[in-house]
Amino acid sequence: MKLIWLMLITTFYSVSLSAENLEVVTENWPPFNYHNEQHVIVGAATNNVREVLALTSLNYQFNLYPWARSFKIAKSKKNVLIYSILKTVDREPLFHWFCPINPKVKTYVFQLNNSHIKVNSIEQLKSYRVGITRDGNNQQFLVKKGFVEGKNLYLANNEINNINKLFSGNIDFIIQTKESLAFRLDTLGKELTKVKAAFELNEDESNNLCMALNINSSEEVKTQLSNAFNQWEINQKLIINY
């Protein structure tokens, strides 16, 4: 019996040593990925990522940081998986992509409900102050459209700061999904009726939420994630068709 236990322990220890370590990073973007009251990372996209990882033998750990930090870590460090991230032309060469991990979402330009400013296009928006998250997809998009930091583009580490700036009058517009804005306003104790959508932001690229693996990651991690993601997609189709 002692010999059997020794063999089991040895086998388990060997498997543990051979398993690759994976760091999973994300940002606070409710209801897709965020810390709950118990400080556990949860959310619609998080649930899907966890389902994929459960199909691997990888050792993984989730960490939530401001978007700029998560993105920097994912770009510069192998065996790092980031989500929820939009796949763009600029980002594509930096990662191995797994899309979608969550369905498409619509993004809107929001203003205070009592604001008398009327805009319905990106060009008109250039005349005003827009708050966005630093190093996010919206920053890249607006810079390409001619926005200038400090002139009509104001950067923050997170969207809570942007919402507070909007309500205090320091900026005129923010860019959010309806789902995220409703969640954040509720967290801040502010009413959704205090804001309104000026227009939908069409970024001319897929709004699928993806997870992405650092391009220099090991083949073992890449292969396991690819196989797991493919199986997860099959499972999702079976659930839908059931």
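None of these values were measured; they are calculated from a predicted model. (Residues numbered from 1 in each chain as written. Predicted model: local features only at pLDDT ≥ 70, side-chain atom pairs only at ≥ 80, totals over all residues. Heavy atoms only, no water.)

We now examine the pairing of strand β5 (residues 80–86). In terms of residue burial, β5 counts as a mostly covered element, since 7 of its 7 residues are buried. Where β5 meets strand β12 (residues 209–214), 5 bridges bridge the pair, whose relative direction is antiparallel. Each residue of the ladder has a partner; that of I85, found in β12, is C210. (Buried < 20%, exposed > 50% of the residue type's maximum accessible area, 1.4 Å probe, protein only. Helix = DSSP H or I, 4+ residues; strand = E, 2+ residues; numbered from the N terminus. Pairing = 2+ DSSP bridges.)

Two measures describe an aromatic ring pair: the distance that separates the ring centres and the angle between the ring planes. One pass over the full model with this rule turns up 11 aromatic pairs. When the ring of Y60 is compared with that of F62, the centres are 6.1 Å apart and the planes differ by 80°; the resulting orientation is edge-to-face. By relative accessible area, Y60 is classed as partly exposed at 33%. By way of ring pairs, the aromatic residues W67, F71, F95 and W97 are connected into one cluster. Note that R50 overlies the ring of F62, its terminal NZ or CZ placed 4.1 Å from the centroid. Its guanidinium or amino end placed over the ring of F167, K190 lies 4.6 Å from that ring's centre, counting from NZ or CZ. (Phe/Tyr/Trp six-rings, centres within 6.5 Å; stacked < 30°, edge-to-face > 60°. Lys NZ or Arg CZ within 6 Å of the ring centre and 35° of its normal.)

Turning our eyes to something else, we now look at the pairing of strand β7 (residues 107–112). Burial of β7 is extensive: 6 of the 6 residues sit out of reach of the surface. Bridge count for β7 against strand β10 (residues 173–177) is 4 bridges, and the pairing is antiparallel. When the bridges of β10 are listed, F110 appears paired with I174. Pairing of β7 with strand β11 (residues 195–200), which is carried by 5 bridges, proceeds in the antiparallel orientation. Note on β11: the bridge partner recorded for L112 is V195.

Below, the discussion takes up the sheet that holds strand β6 (residues 95–102). With mixed pairing, the 5 strands of this open sheet are ordered in space as β4-β1-β5-β12-β6. Looking along the sheet, the strands with just one partner apiece sit at the ends: β4 (59–64) and β6. Going from strand to strand, the sheet's axes swing by 25° on average, the running direction of each strand aside. Strand direction decides the pairing type here: strand β1 (residues 21–26) and β4, joined by 6 bridges, are parallel. Directly across from E23, in β4, lies its bridge partner Q61. (Axes fitted to C-alpha atoms, helices over the stretch in contact; angles between N-to-C directions.)

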